[in-house]
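Structural characterization, general
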Amino acid sequence: GGPSTVVLTAQTRGTRRLPLSIPPIAARCGIDLFPIDVTDDGEAHWLEACMWPDQRDRFLRLRAAIEIARERPPELLAGDAVESVGPAVARMRNAAHPVVTNSWALNYLTPDQRSAYVAALDAAGNDDDLSWVFVEAPALTPELPWEFATEPDDPHLTVTTLVRWRGGVRTVEHLATSHPHGFWIHFV
């Protein structure tokens, strides 16, 4: 909604054109096993302490994001990702078409948890239309629904993937590869 104190920059490559604007977001919620209350100075400082000390730009973006979150706190659900994603999707259906996003989070789950997460999304997608955009490393998350003409050679490769469920049918589209921290993105 207009200018922001949080600005993300990335070099773009490839032939796909970026949209000129972001689609409107009707509602949003996050899931975290132990959500951080950024309105609490101690918890906000703990979050800041997790930043890599040599990356001042990321630290400053985090501080700006904390200030935005203090003004407009996001809805955060305390819960396990696998158990909570289905109910969260159902909850968002009341507002608009649900879109699940993950970025370098699923590699922290066990292989069984990742398989269960995909199964939970499959179940939600069987009930009604759903979209899922994830940015993860295929080498670290082989249980996810990847779509490649050939397997990626780079074990550190980060891939942006769009999964859609329409009428209970799942399709997978490889959208881009990128730097793990988003410094560049190459659209296919």
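Keep in mind that what you see is a predicted model, and the values were worked out from it rather than measured.

We now examine the packing of aromatic side chains. As enumerated under the stated definition, the model contains four aromatic pairs in all. Here Trp-132 and Trp-165 contribute two aromatic rings whose centre-to-centre distance is 6.4 Å and whose plane-to-plane angle is 20°, an arrangement assigned as stacked. You can see Trp-132 sitting in strand β5 (residues 130-136) and its partner Trp-165 sitting in strand β6 (residues 158-166), a full 33 residues away along the chain. Note that Arg-13 overlies the ring of Trp-184, its terminal NZ or CZ placed 4.4 Å from the centroid. Sitting over the face of the ring of Trp-52, Arg-58 holds its NZ or CZ atom 5.4 Å from the ring centroid.

So, about the pairing of strand β7 (residues 169-178). Taken together, the nine bridges between β6 and β7 define a ladder with antiparallel strand orientation. Each residue of the ladder has a partner; that of Arg-164, found in β7, is Thr-171. Between β6 and β7, which pair antiparallel and follow one another directly, the connecting turn spans two residues, one of which, Gly-167, has a positive phi of 60°. In this sheet, strand β8 (residues 184-187) lies alongside β7 in antiparallel orientation, the contact comprising three bridges. Along β8, the bridge assignment pairs Ala-176 with Phe-187.

Attention now moves to the packing of helix α3 (residues 81-93) against helix α4 (residues 111-127). Contact geometry of α3 with α4 gives a least axis separation of 8 Å together with a crossing angle of 20°. When the axis of α3 is compared with that of α4, the two are roughly parallel. Every pair of crossing elements has a handedness; the one defined by α3 and α4 is right-handed. Across the interface between the two elements, Ala-81, Val-82, Val-85, Val-89 and Arg-93 of α3 pack against Gln-113, Ala-116, Tyr-117, Ala-120, Leu-121, Ala-124 and Gly-125 of α4. Class assignment for the residues of the contact of α3 with α4 results in nine nonpolar, two polar and one charged.

Another aspect to go through is the sheet that holds β6. The six strands are arranged β1-β8-β7-β6-β5-β4 in an open sheet whose pairing can be described as mixed. With partners counted over all chains shown, the strands left at the sheet margins are β1 (11-14) and β4 (99-103), one partner each. When strand polarity is set aside, the average angle formed by the axes of neighbouring strands in this sheet is 20°.

Our next topic: the pairing of β5. In summary, the side chains of a regular strand alternate between the two faces of the sheet. The buried fraction of β5 amounts to six of the seven residues, a majority that puts the element mostly inside the structure. Crossover β4 to β5 through α4 is right-handed. Across seven bridges, β5 lies against β6 in antiparallel orientation. Opposite Trp-132, over in β6, you have Val-163 as the bridge partner.

So, on to the packing of helix α1 (residues 41-49) against helix α2 (residues 56-71). Two numbers describe how α1 lies on α2: the axes approach to 10 Å, and their chain directions differ by 155°. Classified by the angle their axes make, α1 and α2 are roughly antiparallel. Crossing of α1 against α2: the hand is right-handed. Residues Asp-41, Ala-44, Leu-47 and Glu-48 of α1 pack against Phe-59, Leu-62, Arg-63, Ile-66 and Arg-70 of α2. The residue makeup of the contact of α1 with α2, split by class, is five nonpolar, no polar and four charged.

The rules behind each value
Residues numbered from 1 in each chain as written. Predicted model: local features only at pLDDT ≥ 70, side-chain atom pairs only at ≥ 80, totals over all residues. Heavy atoms only, no water. Phe/Tyr/Trp six-rings, centres within 6.5 Å; stacked < 30°, edge-to-face > 60°. Helix = DSSP H or I, 4+ residues; strand = E, 2+ residues; numbered from the N terminus. Lys NZ or Arg CZ within 6 Å of the ring centre and 35° of its normal. Pairing = 2+ DSSP bridges. Axes fitted to C-alpha atoms, helices over the stretch in contact; angles between N-to-C directions. Parallel < 35°, antiparallel > 145°, perpendicular 65-115°, else oblique. Left-handed = near helix turned anticlockwise from the far one by under 90°. Contact = heavy atoms within 4.5 Å. Nonpolar A, V, L, I, M, F, W, Y, C, P; charged D, E, K, R; others polar. Buried < 20%, exposed > 50% of the residue type's maximum accessible area, 1.4 Å probe, protein only. Right-handed = clockwise from strand over helix to strand, strands pointing away.

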